[in-house]
Amino acid sequence: AIDYEAVDSAKAYKAYRDAIGFAKTKNLYYELGRTYQNQSFLYISAANYTAARASLDTAITCYQKSNHANARLWEANAYGDIGNILKFENDLEQSALYHLKCIALLDTLGRYDKLVIRYCNLSTFFGDIREPAKQKEYAFKAVSAAKKTGIPQQLFMAYFIVTHYYNEQHDGRSAKIYLDSTRAFFSEQVNVDIAFTYYLISGQVFSQLNQLDSAFYFFQLGFEVSKKYNYRFGKAESQSQMGAIAILRKDYTAAERYLLAGAAEAKASNHFNILDDCYKYLSDVYAATGRYKQAYEFFEQYKTLNDSVVNLEAKKYVTN
């Protein structure tokens, strides 16, 4: 079923049904739970959240009937998966409750190795919904859990999420302290998204500290790793950021070059937040160099796109 998921969903669904049917005849509750939980990912990929939730609820019931050593761990994971679905459905309050339910069970099991990523995700979640106090609380809980594991990758994630919190609060000095801790555990061997995000946040921290050469260096590293793996979001965002630094340096020729390239990449990949930033920066470049007609045209494009982006963001946080 897992092998078919990416190539033939109909065959994947059939394989899951066959697995469920077999496991039921043998009362294999743990295996039933794992199968229902895996099946939920297939439903999620099809945006069938009702079916995904039902599959996860059944998985939880199966885990609770099982005495398998890993049953409680996967029950906790299922609560976290439901939390993710509820976030997709914009039920943010219930989403938070399910993530907390996941964390509570992992804490009972003493699974600090699994708690770190959950704390990081919850910190990011509260950042997304503009609750900085809770964002900070769970970021530091991630650090405490990571220290108990001593696992470098988990220490990297935990320190990074604290850095991210302070960066969002525009507290560059505090962010730099935790960025130094993050750097001690960073490896570019992680996936491109994590590597790029590390370089991006590093650049933003140095930019806040007005250390423009260091900021540009990290944005450039972000561009290089994104180009290597053809990560279009990273290519667009890093060029936008390099353009912004070039403006601060009053190197308007370089700024224009980076921003036009970043805007083209953002437009082609439908990353409208980045495109919006590029238009604003380009308007600044043209105004600073006396090309007022182009400055006005890009500012108008910025305003039009910005209104659309703001409306889309607002809809994400509307709850019934």
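What you are looking at is a predicted structure, and each value in this text was computed from that prediction instead of being measured. (Residues numbered from 1 in each chain as written. Predicted model: local features only at pLDDT ≥ 70, side-chain atom pairs only at ≥ 80, totals over all residues. Heavy atoms only, no water.)

Enquirer: What is the right way to look at the packing of helix α8 (residues 132-149) against helix α9 (residues 152-168) in this model?
Expert: Packing of α8 against α9 leaves a shortest axis separation of 8 Å and a crossing angle of 160°. One way to sum up the angle between α8 and α9 is to call them roughly antiparallel. Seen from above, α8 lies across α9 with left-handed handedness. Counted together, Pro132, Gln135, Lys136, Ala139, Phe140, Ala142, Val143, Ala146, Lys147 and Thr149 of α8 and Gln154, Leu155, Ala158, Tyr159, Ile161, Val162, His164, Tyr165, Tyr166 and Glu168 of α9 form the full contact between these two elements. Its residues placed into classes, the contact of α8 with α9 shows 13 nonpolar, four polar and three charged. (Axes fitted to C-alpha atoms, helices over the stretch in contact; angles between N-to-C directions. Helix = DSSP H or I, 4+ residues; strand = E, 2+ residues; numbered from the N terminus. Parallel < 35°, antiparallel > 145°, perpendicular 65-115°, else oblique. Left-handed = near helix turned anticlockwise from the far one by under 90°. Contact = heavy atoms within 4.5 Å. Nonpolar A, V, L, I, M, F, W, Y, C, P; charged D, E, K, R; others polar.)

Enquirer: What should I look at first to understand the confidence of the model for the chain in this one?
Expert: Low pLDDT means the predicted atomic positions in that stretch should not be read closely. Mean pLDDT for the chain: 92, with 96% of residues reaching 70 or above. Mean pLDDT values for the elements of the chain range from 74 in helix α16 (residues 292-316) up to 97 in helix α4 (residues 49-65). Here residues 310-320 is modelled with pLDDT under 50, and outside its nearest four sequence neighbours on either side it reaches 13 contacts, counting other chains as well. (pLDDT = per-residue confidence, 0-100.)

Enquirer: Any chance you could explain the packing of aromatic side chains here in plain terms?
Expert: Here the distance between the centres and the angle between the planes together describe a pair of aromatic rings. Tallied over the full model, the rule gives 29 aromatic pairs. Connected via pairs of aromatic rings, a cluster forms that spans Phe140, Tyr159, Tyr165, Tyr166, Tyr178 and Phe185. Taking NZ or CZ as reference, Arg257 lies 5.1 Å from the ring centre of Tyr258, over its face. (Phe/Tyr/Trp six-rings, centres within 6.5 Å; stacked < 30°, edge-to-face > 60°. Lys NZ or Arg CZ within 6 Å of the ring centre and 35° of its normal.)

Enquirer: Looking at this structure, I do not really get helix α2 (residues 9-25). What am I missing?
Expert: Taking 1.5 Å of rise per residue, 17 residues should cover 24 Å, and α2 covers 25 Å from first to last C-alpha, within 8% of that figure. In this structure, the buried residues of α2 make contact with α1 (2-5) and α3 (29-45). (Expected span 1.5 Å × (residues − 1).)

Enquirer: What am I meant to see in the environment of Thr124 here?
Expert: Here Thr124 is to be found in helix α7 (residues 112-128). On the accessibility criterion, Thr124 (28% relative accessible area) is partly exposed. In this structure the C-alpha to C-alpha distance between Thr124 and Lys136, which are 12 residues apart in sequence, comes to 9.4 Å. (Buried < 20%, exposed > 50% of the residue type's maximum accessible area, 1.4 Å probe, protein only.)

Enquirer: Explanation requested: the state of the cysteines in the structure shown.
Expert: What the rule picks out here adds up to zero disulfides. For Cys120, which is in no disulfide, the shortest distance to another cysteine sulfur is to Cys102 and amounts to 13 Å. The exposure class assigned to Cys120 is buried, which follows from its relative accessible area of 3%. (Disulfide = S-S within 2.5 Å.)

Enquirer: Can you walk me through the packing of helix α13 (residues 232-248) against helix α15 (residues 272-288) in this structure?
Expert: Helix packing geometry: the angle between the two helix axes and the distance between the axes. The contact between α13 and α15 brings their axes to 10 Å, and the two run at 25°. In terms of axis orientation, α13 runs roughly parallel to α15. Between α13 and α15 lies a crossing whose hand is left-handed. Counted together, Phe233, Ala236, Glu237, Ser240, Ala244 and Ile247 of α13 and Ile274, Asp277, Cys278, Tyr281 and Val285 of α15 form the full contact between these two elements. Looking at the contact of α13 with α15 residue by residue, the classes come out as eight nonpolar, one polar and two charged.

Enquirer: Honestly, the nonpolar core in this entry has me stumped. Any pointers?
Expert: General note: in soluble globular proteins, nonpolar side chains tend to be found buried as a group. Tyr119, Phe125, Phe126, Tyr198, Tyr199 and Leu259 are the most contacted members of the largest nonpolar core, which has 86 residues in total. Per-element accounting of this core gives the leading share, nine residues, to α9. Residues in contact with Tyr119, not counting those within four places in the same chain, are Ile103, Tyr138, Lys141, Ala142 and Ala145. Core analysis: the second largest hydrophobic core is formed by nine residues, Ile20, Tyr30, Ala59 and Tyr63 among them. (Core = buried A, V, L, I, M, F, W, Y, C linked by side-chain atoms within 4.5 Å.)

Enquirer: Would you mind going over the pattern of salt bridges with me for this structure?
Expert: Oppositely charged side chains are able to pair whenever their charged atoms sit close together. Summed over all chains, the structure comprises 15 salt bridges. The partner of Arg111 in a salt bridge is Asp113, with the nearest N and O atoms 3.0 Å apart. When the shortest N-O distance is used, the salt bridge between Glu256 and Arg291 registers 3.5 Å. Placement of the pair is Glu256 in helix α14 (residues 252-268) and Arg291 in the loop between α15 and α16, with a sequence separation of 35 residues. With relative accessibility at 29%, the residue Arg291 sits in the partly exposed group. Beyond isolated ion pairs, a larger network of salt bridges with shared partners links Lys176, Asp180 and Arg183. (Salt bridge = Lys/Arg side-chain N within 4 Å of Asp/Glu carboxyl O.)

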